[in-house]
Amino acid sequence: MPLALLALAVGAFGIGTTEFVMMGLLPDVADDLHISIPTAGHLVSAYALGVVIGAPLLAAVTARMSRRAVLIGLMALFVAGNALSALAPGYESLLAARFLSGLPHGAFFGVGAVVATGMVAPERKARSVSLMFLGLTVANVAGVPVATLMGQNLGWRATFLGVSAIGLAAIAALALLIPRDHTHATAAGLRHELAALRSVPVWLALGTTVAGFGALFAAYSYVTPMLTESAGFAPASVTLLLALFGVGATAGNLLGGRLADHAMRGTLFGGLAALGVVLALFPLLMRAEWSAALGVTLLGMAAFVTGSPLQLMVMEKAAAAPSLASSANQAAFNLANAGGAWIGGLALAAGFGATSPALAGAALAVLGLGVAGVAYGVDRRRAALPQGEAAPGRLVAAHVPDQQEHSRR
């Protein structure tokens, strides 16, 4: 595997840290800015909104630029957003800074996935994507706990200055390690990029991401009350248990990348099925401390097994616009975050018990399996058609070879 993947992982580590650390800093931020915790919670939503808007927008407007330059520019925007968060004089300015910090998130992972797969042999594409995502999962193990402790002891502003420093390190790594000859952008313009997203299989792949990761966030958003009310853990133990989730996510991410290189569709189906089973068993797993710790670890593993195959599937279905499609998948991931948390909250508010969000998540995992099954059926139907013949209702986007393909010819 190319050393350049390390640069992508460093950037992913910084992004993962700033995305999730706000959850642990909400009380500190609320106290310092004299706002309520629910109001401070909008800072989490502002970041997610930035991801959803920025992912397709920035990928589209930079479609014809060097991907190496785009990655460095996106990380520079990330540094600016976090530095402004640290210096924000009040709530409104911090809200705007958090939105700005979220803008480069999806596009960085989207363009980074294209660069990562372009540097390796075809049989190692999923593994290369999983190594980039390794930075995101390791952030949950080390970055978020350390950044939270820093914020609690040195002030929440110190946390965002520390994340800015990680971003600067990522810029240096990208400039030094990403080779120029593997980062050519497509020759197509914005119109071709957008046309590639008009394919039904692309939207089915994005729908699988929303349902599959919605299943994760339906449960994970409310894992703290599950651990304290059902399993009996002390609140002080939750941070360690969330680190176990990160360990499981890291293992699942690496396993999913290796398996997807051999059977992408099988890995996706297996991961979604395993996620549904784990979530369905959560009411039983949360009855004892040891089984609850095991359940949290298995939840992270089952969910992130599907990360690499989902990213690759979206990119393959939009071959003429891999950067835009890959970035759109990151927007879908954040929609899953918001939608899953909302659905889990409905189950909790209905009075079905502390573990009811996990059962709602299990239902979403089944939905994700259904969408993935429909996508598989559509692919089989199209493969059976005579070459060059489009299926009824299909909107076709022509494949536009990129400059790297031209150079090989």
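To be clear, the structure that these remarks concern was listed above.
Anyway, here's the lowdown on the structure attached to this text.

Rules behind the numbers
- Residues numbered from 1 in each chain as written.
- Predicted model: local features only at pLDDT ≥ 70, side-chain atom pairs only at ≥ 80, totals over all residues.
- Heavy atoms only, no water.
- Core = buried A, V, L, I, M, F, W, Y, C linked by side-chain atoms within 4.5 Å.
- Buried < 20%, exposed > 50% of the residue type's maximum accessible area, 1.4 Å probe, protein only.
- Contact = heavy atoms within 4.5 Å.
- Phe/Tyr/Trp six-rings, centres within 6.5 Å; stacked < 30°, edge-to-face > 60°.
- Helix = DSSP H or I, 4+ residues; strand = E, 2+ residues; numbered from the N terminus.
- Axes fitted to C-alpha atoms, helices over the stretch in contact; angles between N-to-C directions.
- Left-handed = near helix turned anticlockwise from the far one by under 90°.
- Nonpolar A, V, L, I, M, F, W, Y, C, P; charged D, E, K, R; others polar.
- Polar contact = N/O pair within 3.5 Å; in protein donor to acceptor, adjacent residues only side chain to side chain.
- Parallel < 35°, antiparallel > 145°, perpendicular 65-115°, else oblique.
- Salt bridge = Lys/Arg side-chain N within 4 Å of Asp/Glu carboxyl O.

Observations concerning the nonpolar core
One broad rule of soluble globular proteins: the nonpolar side chains tend to lie buried together.
So, step 1. In this structure, Leu216, Leu227, Leu275, Leu279, Phe282, Met286 and Leu299 are the most contacted members of the largest nonpolar core, which totals 51 residues.
So, step 2. Setting aside chain neighbours within four positions, we find methionine 286 in contact with Met226, Leu227, Ser230, Ala231, Ala292, Val296 and Thr355.
So, step 3. In this structure, Ile15, Phe78, Val115 and Met119 belong to the second largest nonpolar core, which totals 41 residues.

Let's talk about the packing of aromatic side chains
So, step 1. Summed over all chains, the structure comprises nine aromatic pairs.
So, step 2. Both rings, one in phenylalanine 213 and one in phenylalanine 304, keep their centres 5.8 Å apart while their planes meet at 75°; by these two values the pair is edge-to-face. Of this pair, phenylalanine 213 sits in helix α9 (residues 200–220) while phenylalanine 304 sits in helix α14 (residues 289–304), and the two are 91 residues apart along the sequence. An identical accessibility class is assigned to phenylalanine 213 and phenylalanine 304; each is buried.
So, step 3. Between phenylalanine 217 and phenylalanine 333, the aromatic rings sit 5.5 Å apart at their centres with planes inclined by 80°, giving edge-to-face as the arrangement.

Quick word on the packing of helix α11 (residues 238–260) against α14
Packed helix pairs are specified by the crossing angle of their axes together with the interaxial distance, meaning the distance between the axes.
So, step 1. The contact between α11 and α14 brings their axes to 7 Å, and the two run at 35°. Pair α11 / α14 crosses with right-handed handedness. Here α11 contributes Leu241, Leu244, Phe245, Gly248, Ala249, Ala251, Gly252 and Asn253 to the contact with α14, which in turn contributes Ala293, Val296, Thr297, Leu299, Gly300, Met301 and Phe304.
So, step 2. Partitioning the contact of α11 with α14 into residue classes produces ten nonpolar, five polar and no charged.

Description of the environment of asparagine 82
So, step 1. Within the secondary structure, asparagine 82 sits in helix α4 (residues 67–87).
So, step 2. For asparagine 82, a relative accessible area of 0% corresponds to the buried category.
So, step 3. Placed 20 residues apart in sequence, asparagine 82 and glycine 102 show a C-alpha to C-alpha distance of 9.6 Å.
So, step 4. Discounting chain neighbours no more than four positions away, the residues touching asparagine 82 are Thr18, Ser101, Phe160, Val163 and Ser164.
So, step 5. In terms of polar contacts, asparagine 82 uses its side chain to reach the side chain of threonine 18, at 2.6 Å.

Some remarks on the packing of α9 against helix α17 (residues 356–384)
So, step 1. Between α9 and α17, the least distance of the axes is 7 Å, while the angle of their chain directions is 165°. In this view, α9 runs roughly antiparallel relative to α17, as classed from their interaxial angle. Where α9 crosses over α17, the two elements pack in a sense that is left-handed.

Side note on the pattern of salt bridges
So, step 1. Per the counting criterion, the structure on display carries three salt bridges.
So, step 2. When the shortest N-O distance is used, the salt bridge between arginine 157 and aspartate 32 registers 3.8 Å. Highlighted residues: arginine 157 in helix α7 (residues 156–177) and aspartate 32 in helix α1 (residues 4–33), separated in sequence by 125 residues.
So, step 3. Residue class for arginine 157 comes out partly exposed when judged on its relative accessible area of 26%.
So, step 4. The residue aspartate 261 makes a salt bridge to arginine 127 at a minimum N-O spacing of 3.4 Å. Of this pair, aspartate 261 sits in the loop between α11 and α12 (264–280) while arginine 127 sits in helix α6 (residues 125–154), and the two are 134 residues apart along the sequence. An identical accessibility class is assigned to aspartate 261 and arginine 127; each is buried.

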